[in-house]
Amino acid sequence: EKVVSEYFAEMTPFETQISSTRVSNFGSEVIRRILCGTAVLSSNRFHTFYEGAATLRALLTKQLKEVVFQDGKEGVDFLLLPTSISLPPTIIGDEENEEEIAKVDATEAFANDVMTVPISLAGLPSISIPVPFFGEEEEEVSKAKSMGITSVGMQLVGPKGSEKTLLAIGKLMEQSLDRKG
């Protein structure tokens, strides 16, 4: 909050109004990402970061299009990938007290983006589907269940324009997994 208040001192009244609305309605992680994006896109850093990121995005899009079936070329119809690289955060509290999500380290939050950001950058549609949690080691499963974690997210990714089919497959998967879980 101290960092945010320092920004207010240098703002116009309009900027202060918009920023105060964002501060009161966005969580700390969202604010951190907005500030990071604003800093990266500032005029003095545009050439350093944005141009390299745009080049990387084009390369990533090209590579993902080569994997996902598109334009009559051979490939796969859809991809099934984990939504994140770690277990979801737990919710703490009870019905009488307000529930809140346990604090997640900012580095861990950014690391989890590694599974979803490339798909978004490539402009491909995806849907996250809850999948019952199971693990190789009994200790891992029991730890997750003791934390209230019963499922993890898997994302189904399709080629551009496949949203309707993607949602239908996602619904079938979820129904199938509900019967098995």
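If you're wondering where the values come from, they're calculated on a predicted model, not measured in any experiment.

## A closer look at the overall build of the chain
- Within the chain one finds 8 helices and 5 strands.
- Reading the secondary structure of the chain in the N-to-C direction produces α-α-α-α-β-β-β-α-α-β-α-β-α.
- Here the chain holds 181 residues, and 18% of them are scored as buried.
- A separation of at least 24 residues holds for 65% of the contacts in the chain among residues at least 6 apart in sequence.
- Summed over its atoms, the accessible surface of the chain is roughly 13400 Å², and 57% of this surface lies on carbon and sulfur atoms.

## Focus: the sheet that holds strand β5 (residues 151-157)
- Here 3 strands make up an open sheet; going across it, the order is β1-β5-β4 and the pairing antiparallel. Both outer strands of the open sheet, β1 (79-82) and β4 (126-132), are each paired with one neighbouring strand and no more. Here the strands of the sheet are splayed against their neighbours by 30 degrees on average, with no regard to which way each runs.
- Sheet analysis places β4 next to β5, joined by 7 bridges and oriented antiparallel. Bridging from a neighbouring strand, V131 pairs with V152 of β5.

## Some thoughts on the nonpolar core
- Counting 7 residues, the largest nonpolar core is built from L64, V68, L79, I119, A122, L124 and V157.
- Non-local contacts of I119, meaning those with residues more than four positions away in its chain, are made with L64, L81, L124, S126, Q155 and V157.

## Some points on the environment of P88
- Inspection of the secondary structure puts P88 in the loop between β1 and β2 (91-92).
- C-alpha separation for the pair P88 and V152, spaced 64 residues apart in sequence, amounts to 6.9 Å.

## Some details on the side chain of S162
- The topology assignment puts S162 in the loop between β5 and α8 (163-180).
- Judged by its relative accessible area of 8%, S162 falls in the buried class.
- Setting aside residues up to four positions removed in sequence, S162 forms contacts with F78 and P125.

## Considering a nonpolar patch on the surface
- Together, F26, V30 and I34 give the surface a local cluster of nonpolar side chains, amounting to about 210 Å² of exposed area.
- Within the secondary structure, V30 sits in helix α3 (residues 28-41).
- Look at V30 and you get partly exposed, because its relative accessible area is 39%.

## So, the environment of L56
- By the secondary structure assignment, L56 is in helix α4 (residues 46-67).
- As a C-alpha pair, L56 and L121 span 65 residues in sequence and 9.5 Å in three-dimensional space.

## As for the confidence of the model for the chain
- Mean pLDDT over the chain works out to 77, with 78% of the residues at or above the 70 mark.
- Ranking the elements of the chain by mean pLDDT puts strand β3 (residues 100-101) last with 57 and β1 first with 90.

## A closer look at the side chain of Q155
- As for its position among the elements, Q155 is in strand β5.
- Within polar-contact distance, the side chain of Q155 engages the backbone oxygen of P82 at 3.3 Å.
- A distance of 2.5 Å separates a polar atom in the side chain of Q155 from the backbone oxygen of M115.
- If sequence neighbours within four positions are ignored, Q155 has contacts with L79, L80, L81, P82, T83, M115, T116, I119, S126, I127 and S128.

Reading guide: rules and limits
Residues numbered from 1 in each chain as written. Predicted model: local features only at pLDDT ≥ 70, side-chain atom pairs only at ≥ 80, totals over all residues. Heavy atoms only, no water. Helix = DSSP H or I, 4+ residues; strand = E, 2+ residues; numbered from the N terminus. Buried < 20%, exposed > 50% of the residue type's maximum accessible area, 1.4 Å probe, protein only. Contact = heavy atoms within 4.5 Å. Areas by Shrake-Rupley, 256 points an atom, 1.4 Å probe, with all protein chains shown as cover. Pairing = 2+ DSSP bridges. Axes fitted to C-alpha atoms, helices over the stretch in contact; angles between N-to-C directions. Core = buried A, V, L, I, M, F, W, Y, C linked by side-chain atoms within 4.5 Å. Patch = residues over 30% accessible without salt bridge, like charges linked within 9 Å, V, L, I, M, F, W, Y side chains within 5 Å. Salt bridge = Lys/Arg side-chain N within 4 Å of Asp/Glu carboxyl O. pLDDT = per-residue confidence, 0-100. Polar contact = N/O pair within 3.5 Å; in protein donor to acceptor, adjacent residues only side chain to side chain.

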